[in-house]
Every structure is written in C-alpha cells, then in structure tokens.
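Structural features, examined
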Amino acid sequence: MSDKTKKTGLIFFPAFDWAISPNHPEREERLLYTQDQVFEEGLLDFPNIVEYKPGIATYADVNRCHICVPDAQNLTTSSHLISAGGAITAAQKVLTGEVQNAFALVRPPGHHSMLVAHGARGFCNINIEAVMVEYIRHTFGVRRIAIVDTDCHHGDGTQDIYWNDPDVLCISMHQDGRTLYPGTGYIEDFGGPNALGATINIPLPPHTSDEGFLFALDNVILPILDEFKPEIIINSAGQDNHYSDPITNMNFSARGYALLNEKLAPDIAVLEGGYSIEKALPYVNVGIILAMAGLDYSHVREPDYDERRIRQSPEVTRLIEQEVKNVMTLWKKKKNLKKQITGSAAYVRREKNIYYDTDEIVEKQIETVRVCDDCGGLVTIESAADTGKRIFAVILPNGCCPECRKNGETFFDRVNGAQYHHVYFQDRQKDIFIVK
Amino acid sequence: MILGIDVGGTHTDAVLVQNFQLIKKSKVLTNQAGIVSSLIEASEKLTSGADACNIQRIVISTTLSTNAIVQNKTNRVAMVLLTGPGLAPAALGMDKDTYFIRGYVNHRGIPAQNVDEREIEEIGTEIAVKNIRHAGVVGKFSSRNPQQELDTAKILESPSRHISLGHKLSGQLNFPRRIATTYLNAAIHDIYADFVEDVRKFAARIGPEIPVYVLKADGGTILLDQSVHSPVQTIHSGPAAGIMGILATTDMTQDSVALDIGGTTTDISVFADGVPLLEPSGVTINGRKTLIRGLYTKSIGVGGDSVVEAAKDGLTIGPKREGPAAVFGGRTATPTDAMIVHGVAHIGDMQKARDAIEKIAVKLKMSVEDAARTIVEKTASLIADQIRMTIAEVNNKPVYTIHELLEGKIVEPKILYVAGGPAALAPFIAKNLGCPHSIPRHFEVSNALGVALARTTAEVTILADTEKGELVISEEGLIRNIPRHFSLSDAIDTGKAVLREKAVSMGARPEDLAIEVTESQEFNMIRDFCTTGKNIRVKVQIKPGLIASGAER
C-alpha cells in the first residue's frame with residue numbers, strides 16, 4: 001500500500017426490498033449492478049476499505065433538522081430511517097477516527113427534502129445529509145461544515161434547511177434550473193440575510209462534460225472551501241450527471257467523478273440521485289470508492305465510454321467560464337451585501353411556493369428571519385399545504401444569541417394555537433423539540 | 001461400516017463407525033514425508049480381521065493441499081486474465097507468468113469486448129517455450145458468462161497442458177479471489193493427482209470397489225475421483241474436520257460456540273441452530289483470499305502454552321509461545337502450568353509448574369495459589385472476550401434488505417463446547433460467558449468421527465436474465481436459453497435439479513440430499529420506464545452436516 005491510501009468506511013445498503021413504486025426509478029434494482037461491480041472488483045477485501053452495517057436513525061435525529069408535518073413517524077418508513085442511519089454511521093466512523101473517510105452508499109436519497117416537510121418531493125422524504133449534519137453537531141460539537149452537492153439536480157432541500165445558517169456552507173453544482181427539476185439554484189440564491197455566502201449555486205449548462213465540472217471545482221468550489229475553512233466536508237454525491245443518465249442531460253464520466261472526489265477529498269460522501277443504474281452507477285461508484293481510498297482508479301471506464309462523443313462544446317465552455325466568474329464576483333462582495341439587502345429592517349420575509357412532485361402536494365410558506373449580527377437568527381415559518389394542514393414553527397439556530405432566544409421563546413408562548421394544526425418549537429442549540 | 005481417517009499436522013486418527021457408534025479407533029504420528037503411509041498405519045489396526053469386508057465407504061481428510069501451498073511445493077502456473085476495466089492490473093498481483101488479454105463481459109455477462117485469438121495463440125506458444133504445463137484462465141464476471149473463458153481455454157488447449165477455469169470453481173463474484181482460487185487449483189494439481197493415485201492403491205488394499213471420499217473445506221465430502229478437477233476445495237480440511245467432529249460427538253441443535261484450544265492458538269467456531277457457519281466470501285490460505293467455500297473459524301493467539309508474563313500493567317498471556325509448558329520442561333510459565341498449580345489439571349511434574357508460577361507470583365506480589373488462579377481466570381477471560389467479539393462480528397455482517405436488517409437472525413450462543421486441548425479451562429470460560437459448557441464424547445478422535453460421518457455438500461448459483469433470455473450456472477459451465485416468462489420459482493426448480501445431479505455425481509446418497517435455498521431474489525428490470533425483463537438470482541446448497549441415519553451404517 002502506498003502512502004496515498006486512506007482508510008475508508010463503506011456503508012452499503014441497497015435496500016433490495018424497497019421501492020417508491022414498482023416502475024419508479026427509485027426501486028429495488030437501483031444498486032443491484034453497483035453491488036455486482038463492487039463485489040466483483042473485490043473492493044471489500046482491501047485492507048483499507050471496511051464495510052459497516054447502517055444504523056437506524058431515530059425520530060429525535062429527524063426532528064433536529066426537520067419540521068415534519070404532522071410528525072416524523074408519519075413521514076418516514078424504515079427505509080428512510082435506515083438511509084439516514086447509514087449516513088449517521090458514516091459520520092460516526094469518521095468522527096471517532098475509526099476511518100479517515102466514509103461513503104454512505106444508501107437509498108432512498110434526501111437532498112430535496114426541505115426544513116418543513118409535508119411529504120415526499122424529488123423521491124426524498126427526509127434529508128439524510130441534514131439529519132447527519134445535525135447528528136454530527138449534536139454529538140461531536142463540530143461547528144463549521146461544508147456540504148458540496150454534486151447531484152445533477154439542485155440540492156434545494158439542503159439549501160432550504162441551511163439557508164439561514166452561516167456555519168453550514170451549501171454549495172450546489174447542478175444542471176441549470178431552467179432545463180431541469182426542481183427549477184431552482186441560481187447564482188443569486190446566496191443565503192439568508194445572516195448567512196450570505198453560505199449558500200453557493202453553480203448552475204451548469206446541459207452537456208457539460210468532465211472538463212466543465214472540474215473547471216467549476218477548481219475555480220469555485222475549492223477556493224471557496226479554502227476560505228470558509230470547514231472542519232468537515234460532505235459530498236452530497238448524486239451520480240446523475242453521468243452521460244448515460246436517463247433523466248438529465250449532462251456528460252460527466254466515471255473517471256471524472258473519481259477525479260472530482262480525489263480533489264474534493266470529502267470526509268463523508270452520501271449517495272443522492274443517479275438513475276443510470278446499469279451503465280453509470282457500477283462504474284461511478286467503483287471510481288468514487290477507489291478515489292476515496294486513495295487507490296488507482298485510472299482503469300475505471302464505462303464499456304461505451306467515448307471521450308470525443310461526450311466532450312462539451314466550446315459554447316458550453318464559454319458559458320461555464322462566465323458562470324464561474326459571476327459566482328466568484330458575488331462571493332468577493334458577500335461582506336457588503338447584508339446592509340444592501342436588509343437596510344434597517346429587523347426581520348426579513350421570504351415567501352415560497354413548494355411543490356411536492358412525488359406526493360403531489362402544494363405548500364405555501366412564509367419564512368421570517370430576525371436580522372442578527374450575533375447568530376444565524378431566529379426563524380419562524382408559517383406553512384399551509386393543500387392537504388389542509390396548517391402549521392407554525394419557531395426555530396432557534398445553533399449558537400443562538402440571547403436576544404433571538406428570548407424573542408423565539410416569546411413567539412412560541414404567544415402564538416395563537418387555534419389557527420394551526422400544530423405549532424413546533426425546534427431549538428437546535430439545546431436540542432429541544434416541542435409540539436403543541 | 002465407515003472408515004474415517006483424519007490426517008492432522010501431528011497425529012493421524014482413524015475410526016470405524018457403524019450406526020453412528022464408534023467401533024474401533026487408532027492414533028498414530030503423522031508421517032509428513034508420506035501421507036499415504038500414515039493412512040496405512042492408522043487404518044491397519046482397524047481393518048485387520050473381519051471388519052475389513054464390511055467397510056462400505058472410506059472418508060479421509062488431508063493436510064496435503066494446505067501443506068503444498070504453505071510449503072510452496074507447487075506447479076509453475078501461467079495465468080491468463082481477461083480483466084476489462086476497473087481495478088488496476090497492478091492491484092491484482094502480477095508476475096512474469098501473468099498475461100492480461102483483451103476481452104471482457106460486463107456485470108450482466110454481456111460481452112463488451114471480444115477476445116483476440118491471435119493474442120491467445122501467441123501466449124500459448126510462449127508458455128510452451130517457457131515449459132509451463134499449468135494454466136489458469138480467469139475473466140472478470142466470468143461467473144455471469146463463462147463463454148470467453150471457455151473460448152480462451154479452447155485456444156490454449158494442448159495435451160501436455162492442464163487448464164483451470166475460474167468460473168468452474170465458484171459462482172460467486174470477486175475477481176481477485178477468483179484469480180487466487182484458480183491459481184491455487186492449478187498450482188496443486190500435480191501433487192494432488194499423485195496423492196489421488198496413492199489413495200486409490202491404499203483403498204484397493206482394504207477391499208475392492210469401496211468408494212473413497214475426501215473432506216472439503218466446507219465440511220462436506222466429495223468422491224476422490226471427482227476431487228481431481230478441483231483439488232483446491234480440499235484445502236483447510238483440517239479445521240473442517242474439527243468442526244464436523246463437534247457435530248458428530250454432540251447432539252447440537254442450538255446456537256453454540258466451540259473451541260479447539262491448542263498450544264499456540266485457540267480456534268473458535270460458531271454454529272447457528274446447530275449448523276456450522278460458513279466463511280462469508282471464502283477461506284484465506286497463506287494470506288491468499290479465495291472463493292473456496294469453507295467453514296468459519298477464527299484463530300486467536302492464546303493457547304495452553306502461551307507465554308505468561310507479569311508486566312507493570314498486569315498479566316500478559318500470549319500471543320508468543322516459547323516451546324512447551326514449564327511442566328514439560330519449557331522455560332516460561334504458561335496457562336497449562338497455572339491449571340496444574342490451581343489443581344484443575346493433573347499432568348506432568350507439579351514442581352516444575354510451581355516453580356514457573358512462583359516467578360510470576362513474586363512479581364505480582366501474591367501467593368503462588370492466587371497467581372495460578374489469576375492466570376487461569378485471565379486466560380479464560382481473554383478467550384471469552386474474543387468469543388464475544390467473534391459473535392459480534394458474525395451478527396454485524398452487512399445485510400442488504402430492510403427485512404434482514406430489522407428481523408435478521410442474531411446468533412446467541414447457548415452452550416460452549418470445548419473440543420480440543422485442556423478441558424480444565426472450559427468451566428472458567430463458560431462462567432465468564434454465562435452459559436453452560438460441555439466436553440464432547442470421544443474427544444480424542446472426534447475429528448476422524450466428523451470425517452467419517454460428514455455428508456456430501458454442494459452449491460450452485462443461478463442467474464436468470466429474462467431480458468437476455470439466458471440462464472447461467474457458472475460452476476457447471478451451463479448456459480441455457482429461457483423464455484420471457486421464466487420465474488423465480490422456475491429458477492429455484494432448475495437450481496435444485498442441477499444441484500441434485502451435481503451432488504449425486506460427487507457421491508451423495510439420495511437420503512442425504514438436504515437441499516436448501518440460501519438466496520432468492522427477483523428484480524424487475526426497467527429501462528426507459530418500461531419493464532424489459534427480470535433479473536433473478538438464486539443460490540441452492542446442501543448445507544454441511546452429518547449423513548442421515550439409516551440402516552446401512
């Protein structure tokens with residue numbers, strides 16, 4: 001073994017007995033060929049690759065990052081708790097030093113699940129990364145965390161959960177929202193008033209190939225990570241940028257994915273989407289595992305790989321260069337933006353219409369955040385879904401300042417419960433969750 | 001009547017068994033230079049006289065294959081590998097006789113690149129020039145489609161050349177292990193073939209037409225004549241004999257742990273509902289990980305002759321061993337000496353044991369008696385801790401379905417068997433574990449009894465892909481067309497039929513065909529939102545166990 005090798009934990013849980021519905025992309029077969037490839041390559045026999053059984057997340061774990069309507073019990077099944085539990089196991093192994101990094105190769109995914117969850121959207125019920133991140137903060141006292149979402153779809157759920165959190169950097173690199181679900185993730189989405197720059201979006205044009213992804217990595221993601229200085233980097237590792245993916249339009253390759261993971265060097269990677277189950281996932285996953293373990297991935301190659309056929313056009317290259325420039329310009333200005341945006345307002349409101357494609361629910365939401373220089377700011381959310389459910393939530397951030405706490409507790413005490421089905425109080429700092 | 005012989009590293013034991021009753025037994029020193037002479041010597045004492053004519057089968061276990069590998073008494077082998085993309089070839093361990101050739105199939109067994117006949121012909125010429133008479137051909141995913149391996153072998157075929165094929169040795173996935181397995185099979189081919197010849201002569205001396213079986217690593221038997229094709233299956237038959245011996249000498253039906261406490265190490269084996277566990281992927285021999293189905297054992301560095309030392313932070317026991325226990329003239333104190341001083345074992349020269357323990361007692365600032373007790377208890381607790389860890393490992397084995405994760409079998413040992421070594425330790429270990437213990441009967445020849453009574457085992461792996469319209473049973477080199485409506489139960493039926501046929505050809509008696517399905521999965525294959533077929537995976541086996549009781553014994 002050379003010095004480059006790392007001890008890597010693998011939490012592999014393909015849930016061979018679970019599907020959203022029989023013909024759904026998120027079905028039993030999804031990781032079948034990945035399993036075959038990983039087994040056949042003998043990856044689990046490497047002394048520096050250790051496989052672990054996933055744990056099972058608890059409802060308390062879920063309630064640290066979500067407001068589930070009506071509650072976590074109703075929104076999750078065993079499959080979701082095991083998937084999130086697998087991510088938590090990955091974190092445990094890394095944070096206790098048992099391994100140097102870990103990959104939770106689990107399903108179903110989670111990055112489209114938002115802070116308030118009335119049901120499933122984008123195949124996701126609960127946000128498995130966020131459940132893991134809150135577990136890490138609660139158990140290990142880690143403060144600064146970066147989530148780099150490399151799924152082809154905008155990581156809108158993760159962005160939503162950490163929109164107002166200056167300590168969790170959410171970078172999402174994805175196919176331009178004008179051409180793909182969920183239709184969001186533009187450069188201007190830059191974080192809440194107290195967390196400007198902690199949300200970064202890099203929309204990429206359709207047909208971006210290895211060159212473009214690595215260009216964005218080198219020129220946006222790595223420099224911003226350098227400046228942000230996270231204690232932990234998480235790759236929200238979707239695999240649907242692959243050139244063979246049936247529901248997206250990108251041209252990324254297995255080698256490209258491996259190289260990206262080598263350069264990004266995430267402490268934890270968590271599988272998100274990726275539905276080219278036969279032509280992409282087996283090779284992409286082997287590439288990522290080898291790269292994380294510091295092993296030679298230069299021979300990983302899809303049988304039908306043809307570099308010339310998938311290479312991005314000069315026009316795509318030009319567009320990406322422009323995007324990258326725009327993101328970095330905004331990033332450099334982030335310190336001066338707050339005054340511009342908030343003016344003299346004490347509270348900033350955001351109205352959202354959220355569509356749950358998987359469960360066909362429409363939700364209207366008003367999020368209010370207290371402008372605060374001492375913490376991420378008190379957040380209140382008023383939400384009504386066409387299921388008839390109407391709720392109110394008070395959320396105190398990690399590292400909540402006394403003023404925000406005082407205001408938050410007062411809101412919760414005084415809210416007129418008769419107007420709502422449920423009123424929630426989520427105190428991320430003291431790990432308290434109350435429903436009335 | 002059955003003649004069972006276990007050729008061990010030190011002793012060769014033989015037993016004559018009738019109706020599960022031990023009739024006669026013998027024990028001789030193993031002659032390392034000639035295993036067959038040990039067979040003759042051990043059995044002579046049993047087969048003289050009238051008993052010889054009643055012998056209906058002979059079953060032997062041998063360390064020959066293991067020794068050949070460990071001592072490097074192997075053939076030079078040319079390995080021809082169809083690697084395809086993936087792991088770098090350097091990670092597969094190359095030497096000057098390894099050839100990487102074009103051609104591979106993907107994970108579904110669909111050819112992605114064809115073999116190049118010219119390239120293979122040239123390799124054939126080169127290995128002939130090098131005078132290498134053994135070749136192994138292994139393709140990535142060959143257990144999903146053996147055709148390219150078969151094609152390659154056909155081109156390499158030559159009367160003076162023996163070729164081992166990867167797909168025949170196991171239906172499991174794991175290319176590096178398949179390479180190691182195939183290499184070892186080729187490497188011990190000659191020495192094993194000679195052994196088979198000698199054993200045939202040995203059997204002929206006992207009587208004409210007596211079927212001879214050998215024990216495999218999985219604790220099952222195979223006809224000697226059949227074993228020539230896959231000699232690698234007979235490695236590790238020593239530990240397998242030990243485990244089968246426990247089954248033969250107890251009435252085990254529940255979750256259990258068995259120990260074989262040797263001088264240097266203790267072997268732990270685990271039983272679920274009375275059935276010995278198998279290694280999840282295959283056995284490891286001499287550092288090589290293989291796909292050979294084998295019984296699970298875990299060896300730990302604590303034994304009766306482990307060195308006992310009093311260090312600053314307390315007692316250390318093992319993993320070193322420096323010769324025999326003090327009681328038998330060794331230089332250091334050992335758990336064996338402590339057991340004697342503590343009064344639970346009664347062998348050798350008590351004074352020598354006392355002297356050795358006294359040195360430890362002085363350092364520990366306690367009486368000799370207390371030191372002896374402390375050492376015995378510490379030895380027991382070290383072993384008990386390792387048992388607990390082993391059970392935890394077994395129970396933490398990854399599973400891939402929600403059902404198994406939430407409701408899978410958890411092994412909880414109800415009883416401890418100590419089947420080898422100082423039985424005096426048993427109550428101490430059992431007390432630490434909080435379960436009862438038992439010493440199997442016929443302790444001293446239990447391995448040979450296990451060998452005599454083991455049934456024939458076999459396994460087949462079925463992959464049916466109705467989109468391709470193809471069914472593959474790798475171990476049998478079988479590729480068959482199937483209709484679109486082929487179902488999981490069709491696959492199970494096919495697997496059972498093929499397994500039955502295979503087991504009978506390996507020598508199984510009809511009453512011993514206890515077939516069980518160990519894996520059955522069926523996946524809808526959906527491409528572009530339409531169901532295009534089914535991917536069906538089935539494994540059927542005859543699990544390790546004893547032959548059925550019947551009149552002929």
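From a predicted model like this one, the values you see are computed outputs, not experimental measurements. (Residues numbered from 1 in each chain as written. Chains lettered and ligands numbered in written order. Predicted model: local features only at pLDDT ≥ 70, side-chain atom pairs only at ≥ 80, totals over all residues.)

1. Some points on the overall build of chain B
- A count of helical and extended segments in chain B gives 16 helices and 27 strands.
- Expected size for 553 residues packed as a compact globule is a radius of gyration near 24 Å; at 26 Å, chain B falls within 12% of this value.
- C-alpha extents for chain B along the principal axes are approximately 75 × 60 × 50 Å.
- Considering only contacts in chain B between residues 6 or more positions apart, those separated by 24 or more positions represent 64%. (Helix = DSSP H or I, 4+ residues; strand = E, 2+ residues; numbered from the N terminus. Rg over C-alpha atoms; globule rule 2.2 N^0.38 Å. Contact = placed C-beta atoms within 7 Å.)

2. Concerning the sheet that holds strand S6 (residues 98–100) of chain B
Residue and element names in this part refer to chain B.
- Pairing is parallel in the open sheet, where four strands are placed in the order S6-S5-S9-S10. With one partner strand each, in any of the chains shown, S6 and strand S10 (162–165) form the two edges of the open sheet. Sheet twist, expressed as the mean angle between neighbouring strand axes with direction ignored, is 20 degrees.
- Pairing geometry for strand S9 (residues 134–139) and S10, over four bridges, is parallel. Counterpart to Gly 136 in the pairing with S10 is Ser 164.
- Along the sheet face, helix H6 (residues 175–187) touches strand S5 (77–82), S9 and S10 and points at about 165 degrees away from the line of S9. (Pairing = 2+ DSSP bridges. Axes fitted to C-alpha atoms, helices over the stretch in contact; angles between N-to-C directions.)

3. Some details on the interface of chain B and chain A
- With 35 residues of chain B at the interface, the matching set in chain A holds 36 residues.
- Elements that contribute at least two residues to the side of chain B that touches chain A include exactly H6, helix H13 (402–407), strand S26 (515–527) and strand S27 (530–542) of chain B.
- Ranked by residue count, the leading element in the side of chain B that touches chain A is S26 of chain B, at five residues.
- Among the residues making up the side of chain B that touches chain A, the classes are represented as 20 nonpolar, eleven polar and four charged. (Nonpolar A, V, L, I, M, F, W, Y, C, P; charged D, E, K, R; others polar.)

4. Points about the sheet that holds S26 of chain B
All names here are of chain B.
- If you walk across this open sheet you meet the five strands as S25-S24-S23-S27-S26, and the pairing is antiparallel. A single partner strand is all that each edge strand has here, and the edge strands are strand S25 (478–481) and S26. Averaged over neighbouring strand pairs, the angle between their axes works out to 15 degrees when direction is ignored.
- In terms of strand pairing, S26 meets S27 through twelve bridges, oriented antiparallel. Note that in S27 the partner of Phe 523 across the bridge is Asn 535.

5. Some remarks on helix H7 (residues 189–206) of chain B
Residue and element names in this part refer to chain B.
- Taking 1.5 Å per residue, 18 residues should reach 26 Å; H7 reaches 26 Å between its end C-alpha atoms and fits that length.
- All buried positions along H7 are accounted for by His 189, Tyr 192, Phe 195, Val 199 and Ala 203. What you see down the axis of H7 is that its buried residues fit within an arc of 115 degrees, all on one side. Counted as exposed and oriented over 90 degrees from the buried face of H7: Ala 193, Asp 194, Glu 197, Arg 200, Lys 201, Ala 204 and Arg 205. (Expected span 1.5 Å × (residues − 1). Buried ≥ 20, exposed ≤ 12 C-beta atoms within 10 Å, placed from the backbone. Arc of directions from axis to C-beta.)

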